[in-house]
Amino acid sequence: VLTGRPVASIEVDPDDDNKVKCIKFADGTEETADVYISAMPVDVLKRLIPAEWSTDPYFRQLDELEGIPVVNVQLWFDRKLKQSADGLCFSRSPLLS
C-alpha cells in the first residue's frame, strides 16, 4: 500500500491488451504490482484514465460519476456526553462512546 504519493499517470502496455504496465508518480518513480486499487477522488481518476481505455464500456461508466464536496468537522468536548443524539454520534473517543 502506497500513500502520500501523487500519481502522474497510469501506463498501459499496448502489446498486452492495454493492461496496466506501471503507475508513474509525480516524483518520477514507477511501481508495478499484480493488483492496483485506487482511492483517488473520482474527478482525479477520470483525468488519469489512459486514452486507450476511454472507449471501453467499463470505463465509460466513470462519466456517470460526479464528485461531491465533503466537509469534515471535528468537535472536542471538555466532558463525556450524557446522551448521543439518536445514535448520530460515532467515535472511538471515550468522550462519545
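Here the structure is a predicted model, which means the values were calculated and not measured.

Reading guide: rules and limits
Residues numbered from 1 in each chain as written. Predicted model: local features only at pLDDT ≥ 70, side-chain atom pairs only at ≥ 80, totals over all residues. Heavy atoms only, no water. Salt bridge = Lys/Arg side-chain N within 4 Å of Asp/Glu carboxyl O. Helix = DSSP H or I, 4+ residues; strand = E, 2+ residues; numbered from the N terminus. Buried < 20%, exposed > 50% of the residue type's maximum accessible area, 1.4 Å probe, protein only. Pairing = 2+ DSSP bridges. Patch = residues over 30% accessible without salt bridge, like charges linked within 9 Å, V, L, I, M, F, W, Y side chains within 5 Å. Areas by Shrake-Rupley, 256 points an atom, 1.4 Å probe, with all protein chains shown as cover. Polar contact = N/O pair within 3.5 Å; in protein donor to acceptor, adjacent residues only side chain to side chain. Contact = heavy atoms within 4.5 Å.

Draft legend 1. Molecular detail of the pattern of salt bridges. In the structure shown here, the tally under the stated rule is 3 salt bridges. Between E31 and R5 there is a salt bridge, with the nearest N and O atoms lying 3.6 Å from each other. Here the residue E31 occupies a position in strand 3 (residues 30–31), and R5 occupies one in the segment before strand 1 (7–13), the gap between them amounting to 26 residues. On the basis of relative accessibility, which here comes to 26%, the residue R5 falls in the partly exposed class. A salt bridge links E30 to K24, with the shortest nitrogen-to-oxygen separation between them at 3.6 Å. Its relative accessible area of 45% is what places E30 among the partly exposed residues.

Draft legend 2. Focus on the sheet that holds strand 1. Read across the open sheet, the 3 strands follow the order 1-2-3; overall the sheet is antiparallel. For this open sheet the edge positions go to strand 1 and strand 3, each flanked by a neighbour on one side alone.

Draft legend 3. Quick look at a nonpolar patch on the surface. A surface patch of nonpolar side chains, about 430 Å² in accessible area, is lined by V71, V73, L75 and F77. For V71, the position within the fold is in the segment after helix 2 (57–60). Classification of V71 by relative accessible area gives exposed; the value is 73%.

Draft legend 4. Spatial organisation of the pairing of strand 2 (residues 19–25). Of the strand pairs in this sheet, strand 1 and strand 2 are connected by 6 bridges, and their pairing is antiparallel. By the bridge assignment, D13 is partnered in strand 2 with K19. Where strand 1 folds back on strand 2, the antiparallel hairpin that results is connected by 5 residues, among which D17 adopts a positive phi of roughly 60°. Of the pairings in the sheet, the one linking strand 2 to strand 3 comprises 2 bridges and is antiparallel in character. Within strand 3, the residue paired with K24 across the bridge is E30. Joining the antiparallel neighbours strand 2 and strand 3 is a turn of 4 residues, in which G28 adopts a positive phi near 95°.

Draft legend 5. Region of interest: the side chain of S9. With respect to the element layout, S9 can be found in strand 1. A distance of 2.6 Å separates the side chain of S9 from the side chain of E11, its partner in a polar contact. Residues within four places of S9 in sequence aside, it is in contact with C22, I23, K24 and L48.

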